[in-house]
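# Fold and geometry: a report
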Amino acid sequence: PGDFVQLRRQHTGSHSMIFYSSNGDGATFYESNLDDHNTIEKRSYSWSQLYSKNMGISVYTARDYWLH
């Protein structure tokens, strides 16, 4: 949880979000501005949705920290 994720979308440019959780079905993220009003949402995607809608995904994980 907390990793910074950048996506390169197939058709709409780039998008950034914060990783929340994952399981065998897919992953859940905190995202903002999907509605062009800076609303923050928690949204889940299946692994096939992430694969088919994006050209690339970068994940940035902080070092030397722990969750309490």
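See the structure above.
These numbers were taken from a predicted model, which means no experiment stands behind them.

## Concerning the environment of tyrosine 65
For tyrosine 65, the location among the structural elements is in the segment after β5 (54–60). Taking relative accessible area as the criterion, tyrosine 65 reaches 38% and is therefore assigned partly exposed. Spatially, the C-alpha atoms of tyrosine 65 and alanine 27 are 22 Å apart, while their sequence positions differ by 38 residues. Not counting residues up to four positions away in its chain, the partners in contact with tyrosine 65 are Pro1 and Asp3.

## Things to note about the nonpolar core
Listed in full, the 8 residues of the largest apolar core are Val5, Leu7, Met17, Phe19, Ala27, Phe29, Tyr45 and Leu50. If sequence neighbours within four positions are ignored, phenylalanine 29 has contacts with Val5, Met17, Ile18, Phe19, Tyr20, Glu41, Lys42, Arg43, Tyr45 and Leu50.

## Description of the sheet that holds strand β3 (residues 26–32)
Two strands in a sheet stick together by hydrogen bonds in their backbones, pointing the same way (parallel) or opposite ways (antiparallel). If you walk across this open sheet you meet the 5 strands as β4-β3-β2-β1-β5, and the pairing is antiparallel. Each edge of the open sheet carries a strand with a single partner, namely β4 (40–46) and β5. In this sheet, adjacent strand axes meet at a mean angle of 35° when their direction is disregarded. Here 6 bridges tie strand β1 (residues 4–9) to β5, and the two strands are oriented antiparallel to one another. Looking across to β5, one finds that arginine 8 is bridged to glycine 56.

## Looking at the packing of aromatic side chains
Counted under the stated rule, the structure contains 4 aromatic pairs. The interplanar angle of 40° and the centroid separation of 6.1 Å between the aromatic rings of phenylalanine 4 and tyrosine 60 together place this pair among those described as tilted. With phenylalanine 4 in strand β1 and tyrosine 60 in strand β5, the pair connects residues that are 56 residues apart, well separated along the chain. According to the relative accessible area criterion, tyrosine 60 is partly exposed, its value standing at 46%. Considering the side-chain rings of phenylalanine 29 and tyrosine 45, the 6.2 Å spacing of their centres and the 55° angle between planes classify their relative orientation as tilted.

## Re the pairing of strand β2 (residues 14–23)
The pairing of β1 with β2 spans 5 bridges and is classified as antiparallel. The residue of β2 that forms the bridge with leucine 7 is histidine 15. Taken together, β1 and the strand that follows it, β2, pair antiparallel across an intervening segment of 4 residues, in which glycine 13 is found at a positive phi of about 90°. Here β2 runs beside β3; their pairing, made up of 5 bridges, is antiparallel. In the sheet register, serine 21 faces β3, and the bridge partner there is threonine 28. In sequence, β2 turns back onto β3 through a hairpin of 2 residues.

Cut-off values and rules
Residues numbered from 1 in each chain as written. Predicted model: local features only at pLDDT ≥ 70, side-chain atom pairs only at ≥ 80, totals over all residues. Heavy atoms only, no water. Helix = DSSP H or I, 4+ residues; strand = E, 2+ residues; numbered from the N terminus. Buried < 20%, exposed > 50% of the residue type's maximum accessible area, 1.4 Å probe, protein only. Contact = heavy atoms within 4.5 Å. Core = buried A, V, L, I, M, F, W, Y, C linked by side-chain atoms within 4.5 Å. Pairing = 2+ DSSP bridges. Axes fitted to C-alpha atoms, helices over the stretch in contact; angles between N-to-C directions. Phe/Tyr/Trp six-rings, centres within 6.5 Å; stacked < 30°, edge-to-face > 60°.

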